[in-house]
Structures are given as C-alpha cells and as structure tokens.
Amino acid sequence: MPVIEVTDLRKSYGGRPVVDGVSFAVEEGEIFGVLGPNGAGKTTTVECVEGLRVPDAGRVRVTGLDPVADHRRVAEVLGAQLQQSELQAKLTVREALELYAAFHPKPADWRPLAERLGLVPMLNTRFGKLSGGQKQRLFIALALVGDPRVVVLDELTTGLDPRARRETWQLIEDIRAGGVTVLLVTHFMEEAQRLCDRIAVIDRGRVAALDTPAGLIRRSAGATVISFTPSAPLDEADLRALPELASAEFKDGRVTLSGTDETVNAVITLLARTRVTAHQLRVTDTTLDDAFLDLTEAST
Ligand SMILES: Nc1ncnc2c1ncn2[C@@H]1O[C@H](COP(=O)(O)OP(=O)(O)OP(=O)(O)O)[C@@H](O)[C@H]1O
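Residues numbered from 1 in each chain as written. Predicted model: local features only at pLDDT ≥ 70, side-chain atom pairs only at ≥ 80, totals over all residues. Heavy atoms only, no water.

Caption draft 1: Region of the structure containing the sheet that holds strand β2 (residues 16-26). Taking strand neighbours across the sheet as the criterion, the 3 strands line up as β2-β1-β4 in an open arrangement whose pairing is antiparallel. Of all strands in the sheet, those with a lone pairing partner are β2 and β4 (57-62), marking the two edges. Averaged over all pairs of adjacent strands, the angle between their axes in this sheet comes to 25°, without regard to strand direction. Strand direction decides the pairing type here: strand β1 (residues 4-13) and β4, joined by 5 bridges, are antiparallel. Within β4, the position partnered with T7 by the bridge is R59. (Pairing = 2+ DSSP bridges. Helix = DSSP H or I, 4+ residues; strand = E, 2+ residues; numbered from the N terminus. Axes fitted to C-alpha atoms, helices over the stretch in contact; angles between N-to-C directions.)

In structure tokens:
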C-alpha cells in the first residue's frame with residue numbers, strides 16, 4: 001500500500017481552481033518530489049496531505065487514513081515541517097524540542113535526534129538567534145520528533161547558502177536511510193535531481209509529468225546534442241542515417257546533431273571510419289531544468 005495516495009484532488013479559492021485534479025502515490029521509503037513554478041498549487045496539495053486544508057473534491061490517504069477525518073492519527077504518522085513564523089523567537093532549541101515532543105503520544109527521544117542534526121551546541125540558543133541553516137535543522141528535528149513514517153518538507157532549502165543546502169540534502173538522505181518516507185516540495189532542479197526517486201511536476205494545478213528525474217529528462221525534446229567542426233566534409237546522407245537522430249543542422253562548416261547516447265556513439269564511429277577529426281567537439285545533455293521548462297508552460 002502506498003504511504004501517501006492523492007486521487008483527483010481539487011481545491012479552488014474564490015472560484016479559481018488552484019489544484020485541478022492532482023493524482024499521485026508515494027511508496028514507502030521514497031523521496032518523492034513535488035516540483036513546479038510559483039503558484040502551481042504545490043503547497044495547497046501538500047497541505048491537503050497534512051490535513052491543514054480540506055479538499056473540495058478527491059481523495060487523500062496517508063497510510064490509509066483520511067488526513068481530515070483522522071487528523072489525530074495522521075499526526076502520529078506524518079511529520080510536517082513548520083514554517084518559520086510558527087516558532088517564537090524567544091524559544092530555545094531545547095524548549096522547542098521538548099514542547100514538540102510533548103505534542104506526540106509516542107515521541108522519539110529528542111536527544112539523539114539533536115545530536116544527529118548537530119543541534120547539541122545550540123540547545124540553549126533562542127530560535128531568533130539561529131542561522132538559516134541551524135533553523136532548518138531544527139525544523140527537521142521538530143518534524144521527526146514524533147517518530148513519523150513520513151515527513152513533508154516544503155521549500156526546506158530556500159534561502160540557504162550552497163554549503164548549508166548540501167548539508168540539508170545529506171540530512172534528507174539520512175532521514176530516508178532511517179526508513180522514513182519523504183515528500184519534498186522544491187523549486188531547485190539540482191535538489192530534485194539529486195534527492196528524489198520520482199518527481200511530480202505540477203503546473204497550473206495539474207500533474208504535467210510524473211517520472212524519475214532521468215525519465216523526465218528523457219521525455220524532453222533533443223536529449224543529447226553533439227556539435228563539432230569536421231576536418232573534412234562529411235556525407236550528409238551518412239549523418240541523416242544516424243540512429244535515433246532527432247535533428248541535424250549544418251551551418252558555417254559546423255555540424256549540430258541532437259539525439260541520444262546511441263546517436264553520439266554512432267557519430268564517433270562514423271568519424272573514426274571516415275578518418276575525419278572533430279574540432280571543437282561539444283556534447284551537452286538536456287538537464288532537468290530544460291525538461292522542467294518543456295513541461296511547464298511559460299506564464300503569460
Ligand atoms: N488561502 C488562500 N486563499 C486564496 N488564494 C490562495 C490561498 N492559498 C493559496 N492561494 C493561491 O493559490 C495558488 C497556489 O498556491 P500554492 O501556494 O499552492 O502554490 P505553490 O505552487 O506552492 O507556489 P509557490 O511555489 O509560490 O509557493 C496561488 O496563486 C496562491 O496565491
């Protein structure tokens with residue numbers, strides 16, 4: 001049974017649909033990404049999963065439970081990351097951990113958690129005095145203090161410097177290694193590509209694509225591009241006959257071909273066979289960024 005199931009979820013604000021038939025299922029032990037442009041409906045979707053918003057239509061289940069009707073039981077299995085504004089600046093790290101542990105019937109021991117997250121040196125520091133990275137580590141600890149089966153992390157690394165962001169990625173991987181399923185909302189392609197097993201790309205309230213990061217890249221047009229200036233003219237017919245060729249352009253003595261790895265390998269074989277040297281050879285891959293732009297419409 002999937003840990004999270006969302007089926008045909010719909011939610012409108014003031015008659016405007018912001019979540020318009022979203023469906024996905026998150027399997028146990030996955031890091032599942034929800035990616036999309038600003039205003040796509042990502043937060044509204046995960047807030048329905050957390051039971052913080054009531055869907056207009058559709059079905060949401062967390063470990064088989066309804067987050068609205070069974071809110072209390074869902075809170076026992078689901079850890080949600082707080083938003084910055086939800087924690088008082090004067091609360092110390094220790095007080096926050098004790099307070100949140102007390103909310104749960106079977107909390108994890110917060111001490112090893114604090115140790116794992118590097119919070120021990122700042123247990124007596126007030127929340128308002130923590131750095132961005134330290135705050136995020138505390139939010140992760142608070143999301144885990146109820147010993148959940150699944151955590152929802154929404155824009156966790158926004159505003160962090162590259163080092164703190166990488167440290168946070170490592171923590172997310174550690175969470176999963178500890179057996180907790182992760183639902184991750186993010187704007188960062190690199191983050192999604194590095195961490196997520198599968199990604200739902202949400203655009204204008206709908207799932208535009210749902211696949212592995214590599215699968216999303218493969219779907220995108222012109223996956224791999226190879227370009228070079230041949231030392232001697234190549235037979236255009238030979239080039240056009242290359243396997244899996246998506247496009248070919250010949251301009252100012254330069255050849256630009258797009259296709260797959262197979263196309264690239266065949267070009268290399270062709271060059272070797274015809275004893276032609278490729279000058280200024282460049283091979284570029286489509287990135288998740290390109291796939292994202294392909295999959296989501298530019299807002300007008
Ligand atoms: N309580 C609300 N009342 C009215 N409109 C809302 C409310 N909450 C969100 N919206 C609107 O719904 C749309 C979707 O918002 P949502 O926060 O779900 O998107 P998002 O994909 O998480 O965006 P972002 O990446 O910018 O956080 C936005 O246009 C937002 O302004």
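Caption draft 2: A look at unusual backbone geometry. A positive phi angle, close to 55°, is found at D147, a residue other than glycine. Positive phi, normally seen in glycine, also occurs at E155, with a value near 55°. Turning to its location among the elements, E155 is positioned in the loop between β6 (150-154) and α6 (162-177).

Caption draft 3: Structural detail: the side chain of E155. Look at E155: it is buried, it has no salt bridge, and the nearest opposite charge is K42 at 4.8 Å. Among the polar contacts listed, one links the side chain of E155 to the side chain of H187, at a separation of 3.1 Å. (Buried < 20%, exposed > 50% of the residue type's maximum accessible area, 1.4 Å probe, protein only. Lys, Arg positive; Asp, Glu negative; His and termini not counted. Salt bridge = Lys/Arg side-chain N within 4 Å of Asp/Glu carboxyl O. Polar contact = N/O pair within 3.5 Å; in protein donor to acceptor, adjacent residues only side chain to side chain.)

Caption draft 4: Focus on the nonpolar core. Grouped together as the largest cluster of nonpolar side chains are 49 residues, with contacts concentrated most on L87, L97 and L138. For this core, the two domains that each supply at least three residues are domain 1 (4-211) and domain 2 (219-295). For L87, the residues in contact, after removing those within four places along its chain, are L82, A96, Y100, F127, L138, F139 and L142. Counting 27 residues, the second-largest nonpolar core is a separate cluster that includes V19, A40, V49 and V62. (Core = buried A, V, L, I, M, F, W, Y, C linked by side-chain atoms within 4.5 Å. Domains from an automatic or database assignment. Contact = heavy atoms within 4.5 Å.)

Caption draft 5: Layout of the pattern of salt bridges. One pass over the full model with this rule turns up 13 salt bridges. A salt bridge links E28 to R149; the nearest nitrogen and oxygen atoms lie 3.2 Å apart. Of this pair, E28 sits in the loop between β2 and β3 (31-35) while R149 is found in the loop between α5 (132-144) and β6, placing the two residues 121 residues apart along the sequence. Taking relative accessible area as the criterion, E28 reaches 46% and is therefore assigned partly exposed. Overall, the relative accessible area of 36% leaves R149 in the partly exposed class. With its nearest N and O atoms 3.4 Å apart, the salt bridge here joins E173 to R194. Of this pair, E173 sits in helix α6 while R194 sits in helix α7 (residues 189-195), and the two are 21 residues apart along the sequence. A relative accessible area of 36% means that R194 is categorised as partly exposed.

Caption draft 6: Representation of the domain arrangement of the chain. Assigned domains within the chain: domain 1 (4-211) and domain 2 (219-295). Domain 1 puts 13 residues into the contact, and the matching count from domain 2 is 5 residues. Contact with domain 2 buries area across many residues of domain 1, yet M189, V201 and A209 alone supply 49% of it, more than any other trio. At the surface where domain 1 touches domain 2, the tally comes to 0 salt bridges. Seen at the junction of domain 1 and domain 2, the total is 0 residue pairs in polar contact (both at pLDDT 80 or more). For the side of domain 1 that touches domain 2, the secondary structure elements donating two or more residues are α7, β8 (198-203) and β9 (206-211). (Buried area = accessible area lost by both parts, 1.4 Å probe.)

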